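Coordinate inspection notes
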Amino acid sequence: TIRPVRRSYYDPSSAPGKGVVWEWENDSGTWTPYDMDVGITIQRAYEKQHPWVDLSAIGFCYIIDFATMGQINRQTQRKRRVRRRLDMVYPLVSGTLPKSQSWPASPGVVAAPPVPACTCPQCLLVMSVKATVSATGPGTATLQPRKAPPAPPATPKAPAPTPGAKAADGVAVVRGSLKPLAAQGGRRQAASTPTLSSASSASSPPTASSGKAARPALGTLNRSHLQRLAIAQSRVLIASGVPTVPVKNLTGSSPVNPALAGITGILMSAAGLPVCLTRPPKLVLHPPPVSKSEIQSIPGISHTCRKTTKKQTKKGKTPEEVLKKYLQKVRHPPDEDCTICMERLSAPSGYKGPQPAVKPDLVGKLVKCSHIFHLHCLVAMYNNGNKDGSLQCPTCKTIYGVKTGTQPPGKMEYHIIPHALPGHADCKTIRIIYNIPPGVQGPEHPNPGKSFTARGFPRHCYLPDSEKGRKVLKLLLVAWDRRLIFAIGTSSTTGESDTVIWNEIHHKTEFGSNLTGHGYPDINYLDNVLAELAAQGITEESLAQEKD
């Protein structure tokens with residue numbers, strides 16, 4: 001697979017022009033750079049000495065707080081560390097922007113070999129390729145069908161070819177046509193493969209020059225030679241610290257694929273592009289096949305399946321009766337704003353919606369966190385929520401009562417399979433299978449009476465079968481019973497609305513890889529998901545409540 005590449009130039013006063021790179025800390029504890037446009041936006045706000053910058057204007061629901069050097073998710077309030085690096089190798093070039101040009105620059109003109117800027121393996125390889133192409137000239141290297149040559153005389157074994165000769169083969173191929181390779185690949189190698197015709201005849205055998213034999217033409221190389229050519233090119237570039245560009249089918253069945261891979265590496269490096277060829281990593285979503293006899297139930301957890309059917313709510317209590325359990329009346333309100341209506345607590349509530357049966361000037365304090373609000377505002381907030389008998393402080397997110405969600409009906413299966421996750425070789429694996437069918441939204445959902453979709457089900461998730469992994473599973477079962485695993489909303493991946501989405505409790509859906517960030521190894525995942533469950537009000541105390 002060959003894909004186009006490009007390079008971009010940035011203003012010298014921008015972040016990349018100054019060598020500044022902004023990075024965020026991922027779940028595995030390593031640092032990931034922001035996209036260049038995001039980094040430029042962050043750096044611009046940082047240089048203007050803004051206390052923070054909101055990235056929603058460029059499509060990201062994050063706030064960067066420069067005082068704490070943190071990234072805050074506006075939806076989940078989750079915080080990550082960020083940092084500003086000044087030790088990057090930008091700018092790669094300086095001076096005026098170069099004019100657009102193609103390579104070779106102008107046919108018929110032999111350019112002098114450029115002077116290498118450094119002596120690293122990649123620079124030496126690139127310069128040797130350019131020097132060889134310039135020396136041969138554009139009119140002397142073409143591709144022609146190979147005629148049957150006479151038997152060459154016996155010659156001593158040729159020593160290793162020079163980098164320049166290696167590149168000349170690749171350049172000659174790209175200036176000709178690759179169709180003979182594909183069209184005649186099924187014939188005999190000696191009669192089907194195109195050969196290099198240069199100053200010497202195509203039928204002439206290689207001759208020694210200055211004690212070294214010239215490299216055989218590309219047409220004389222068989223499949224294994226072409227593969228070694230590509231691999232050798234890749235190793236030189238990798239050794240020089242160059243980023244890798246995956247090229248698929250490097251070892252495919254077609255004889256053209258290895259040739260294309262090797263030629264691509266040679267030509268891109270000759271053009272000065274820092275790339276190399278490598279086999280792309282494979283996405284491993286699922287474990288090897290498991291028979292029913294190998295599946296085991298999880299010790300300490302009854303059953304292997306759990307279902308939800310209808311909305312689980314506590315009825316019979318008015319909003320005022322629910323809030324009375326969590327509030328204390330405040331006779332003398334402090335001189336502060338109510339963070340719900342943004343009016344002074346000493347003044348009546350500013351809520352303008354449907355009026356609750358509570359006086360607008362009454363003020364109450366939540367008993368656990370001691371935050372103060374208008375009672376009028378709290379009742380209105382409760383009426384606009386799930387009305388499940390619980391309350392969540394809008395300031396600090398402290399949960400009062402048992403929080404439940406709006407997850408649609410479905411089934412959750414869980415069992416042990418006899419395979420280990422990356423990073424957890426000492427134990428087996430807990431597999432969770434969620435299955436939610438499409439249906440019609442209920443009164444607690446965003447658009448009651450409208451149908452909703454359920455994409456990607458059944459969804460398979462994985463936990464290590466360790467003590468902490470089983471603890472996470474038990475808490476996930478509580479979250480499932482409280483309808484907090486999924487919700488109905490707009491997918492952040494596809495943009496589709498009225499569909500089943502994850503509800504702020506992350507799951508690992510890759511079994512044997514971590515290419516998407518949703519796999520293993522991830523040493524912090526179990527601790528992170530425990531924190532996310534706690535944010536939903538699900539802790540070890542919840543297990544005791546469920547038993548009661």
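Basis of the calculations
- Residues numbered from 1 in each chain as written.
- Predicted model: local features only at pLDDT ≥ 70, side-chain atom pairs only at ≥ 80, totals over all residues.
- Heavy atoms only, no water.
- UniProt positions renumbered as here; feature names shortened; annotations may be inferred.
- Phe/Tyr/Trp six-rings, centres within 6.5 Å; stacked < 30°, edge-to-face > 60°.
- Helix = DSSP H or I, 4+ residues; strand = E, 2+ residues; numbered from the N terminus.
- Buried < 20%, exposed > 50% of the residue type's maximum accessible area, 1.4 Å probe, protein only.
- Lys NZ or Arg CZ within 6 Å of the ring centre and 35° of its normal.
- Polar contact = N/O pair within 3.5 Å; in protein donor to acceptor, adjacent residues only side chain to side chain.
- Contact = heavy atoms within 4.5 Å.

The protein chain carries the name E3 ubiquitin-protein ligase in an unreviewed UniProt entry, which gives Smithornis capensis as its organism. Here is the UniProt Subcellular location (unreviewed entry) comment for the protein chain, exactly as written: "Cytoplasm". Listed in UniProt under the heading Catalytic activity (unreviewed entry), the comment for the protein chain reads: "S-ubiquitinyl-[E2 ubiquitin-conjugating enzyme]-L-cysteine + [acceptor protein]-L-lysine = [E2 ubiquitin-conjugating enzyme]-L-cysteine + N(6)-ubiquitinyl-[acceptor protein]-L-lysine."

To continue, consider the packing of aromatic side chains. This structure, assessed with the given rule, holds 11 aromatic pairs. The interplanar angle of 70° and the centroid separation of 5.5 Å between the aromatic rings of tyrosine 46 and phenylalanine 66 together place this pair among those described as edge-to-face. In this pair, tyrosine 46 sits in helix H1 (residues 36–47) while phenylalanine 66 sits in the loop between strand S4 (62–65) and strand S5 (70–73), placing the two residues 20 residues apart along the sequence. A residue is classified by how much of its surface remains accessible, and tyrosine 46, at 33% relative accessible area, is partly exposed. In this structure an aromatic cluster arises from ring pairing among Tyr434, Phe457, Trp480, Phe486 and Trp502. A cation sits over an aromatic face here: lysine 368 above tyrosine 400, 5.3 Å from the ring centre.

A few words on the side chain of serine 390. The residue serine 390 is located in the loop between helix H9 (375–383) and strand S17 (391–392) in this model. Overall, the relative accessible area of 11% leaves serine 390 in the buried class. Polar side-chain contacts of serine 390 include one of 2.7 Å to the side chain of aspartate 388. Among all residues touching serine 390, those that are not within four sequence positions of it are Tyr326, Tyr382, Tyr400, Gly401, Val402 and Lys403.

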